[in-house]
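# Observations on the three-dimensional arrangement
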Amino acid sequence: QPELAGDFGILMAWADKVRRLRVRANAETPQDCQVARDFGAEGVGLCRTEHMFFDAARITAVREMILADSEKGRRAALAKLLPEQRDDFAQIFMVMAGLPVTIRLLDPPLHEFLPHGESEFEEVAKAAGVGVEALKRRAAELHEFNPMLGHRGCRLGVTYPEIYEMQARAIFEAALIVKQRSGDAPIPEIMIPLVATKKELELMKAIVDRVASEVFAEQGASVEYLVGTMIELPRAALKAGEIAEVGEFFSFGTNDLTQTTIGISRDDAGRFLTQYVDKGIFARDPFVSIDVEGVGQLIELATERGRAARPGIKLGICGEHGGDPASITFCEQTGLDYVSASPYRVPIARLAAAQAALANK
Ligand code: PEP
Ligand code: MG
């Protein structure tokens with residue numbers, strides 16, 4: 001652990017002596033990773049890759065890719081994105097220096113990448129060498145009424161496998177570069193979002209494994225890696241036994257798991273949820289503290305079924321709840337292996353993990 005100054009450092013050192021839960025961070029830039037490490041994170045529990053796609057310098061190529069009307073067009077746009085994506089991961093692996101890094105493949109609804117307004121359409125049309133009208137027709141086809149329940153998560157990998165192929169290639173090429181450069185071989189943990197069925201994960205793992213063997217053969221070198229899944233849909237929690245036959249780790253995505261279990265939108269809940277807490281319908285805001293009675297039961301059930309199918313399967317949590325002390329107590333009681341919190345909440349998580357371990361003795 002890095003030394004933290006003064007009494008704070010002493011307190012953290014005490015916490016680390018008694019805690020059982022590992023503490024990782026949700027981080028997707030080298031800067032966030034550095035903050036996380038400085039606060040004592042023991043790895044990255046969630047590297048969301050969508051932010052990289054929204055980068056101003058890349059968004060046109062991303063739009064070109066999603067609006068292409070053929071696999072060939074998508075591959076041409078993805079080829080433009082590969083070098084930067086490889087660099088994203090190489091920088092993160094360098095900062096994390098051999099600590100585990102869980103990288104989640106692209107998750108958000110395609111809808112979110114659509115161009116808005118004339119000038120954005122014109123920019124994409126110019127880059128892709130097609131007409132604006134054709135692009136607008138294609139964008140209209142991609143419009144969704146309920147994007148958060150729509151074309152997102154592994155559904156992107158099922159319909160456009162070339163996206164996940166590009167990301168897997170970027171991860172393995174980056175890992176090999178860092179292994180050669182620093183000697184600290186990264187062990188990427190590749191995470192598939194929004195899985196509901198075993199078959200989805202099988203298809204996605206097959207893509208990752210195929211790309212891994214291609215890259216390793218091209219480079220004459222290899223790294224270890226894991227392929228696992230988010231558990232963020234009630235069906236995934238129920239079918240965790242089957243899913244664990246394929247997935248090598250689980251990370252509970254409690255933001256989506258809460259949204260889909262209680263059927264309240266995580267983006268709009270603020271409008272009425274305070275009344276729900278005031279009137280005692282929920283003891284606490286379920287998007288802040290795990291709804292132990294409902295969502296918590298699904299986590300317990302998935303833990304039990306996942307471990308029965310794959311003893312020793314690594315289990316973590318990467319929703320916002322991973323940095324919430326009451327939820328961390330629940331994670332300790334459930335026996336998860338780690339929590340992952342935003343970088344600035346890592347010290348709180350270390351402390352809460354220690355308190356939970358003491359209370360559980
Ligand atoms: C989650 O759903 O809990 C999660 C961590 O993923 P995201 O917030 O990116 O949907
Ligand atoms: Mg999610």
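Quick caveat: nothing in here was measured; it's all calculated off a predicted structure.

In this section: the environment of Lys-80. By the element assignment, Lys-80 lies in helix α5 (residues 71–96). For Lys-80, a count of 16 C-beta atoms within 10 Å corresponds to the partly exposed category. Remark: the alpha-carbon pair of Lys-80 and Thr-303, spanning 223 residues in sequence, is separated by 40 Å.

According to UniProt, the feature "binding site: substrate" (unreviewed entry) maps to Arg-48, Arg-104, Glu-232, Gly-253, Thr-254, Asn-255 and Asp-256 in the numbering used here. Setting aside its immediate chain neighbours within four residues, Glu-232 contacts Leu-194, Gly-253, Asp-256 and Leu-257. With respect to the helices and strands, Asn-255 occurs in helix α13 (residues 254–262). When sequence neighbours within four positions are dropped, the list of residues in contact with Asn-255 reads Arg-266, Phe-287, Gly-319 and Glu-320.

Its location among the elements puts Asp-291 in the loop between α14 (270–278) and α15 (295–309). Taking the C-beta count within 10 Å as the criterion, Asp-291 has 23 such neighbours and is therefore assigned buried. Along the backbone, Asp-291 and Leu-238 are 53 residues apart, and their C-alpha atoms lie at a distance of 17 Å. Once residues lying within four places of it in the same chain are set aside, the contact partners of Asp-291 are Thr-258, Ile-262, Phe-282, Pro-286 and Gly-296.

Rules and cut-offs
Residues numbered from 1 in each chain as written. Chains lettered and ligands numbered in written order. Predicted model: local features only at pLDDT ≥ 70, side-chain atom pairs only at ≥ 80, totals over all residues. Helix = DSSP H or I, 4+ residues; strand = E, 2+ residues; numbered from the N terminus. Buried ≥ 20, exposed ≤ 12 C-beta atoms within 10 Å, placed from the backbone. UniProt positions renumbered as here; feature names shortened; annotations may be inferred. Contact = placed C-beta atoms within 7 Å.

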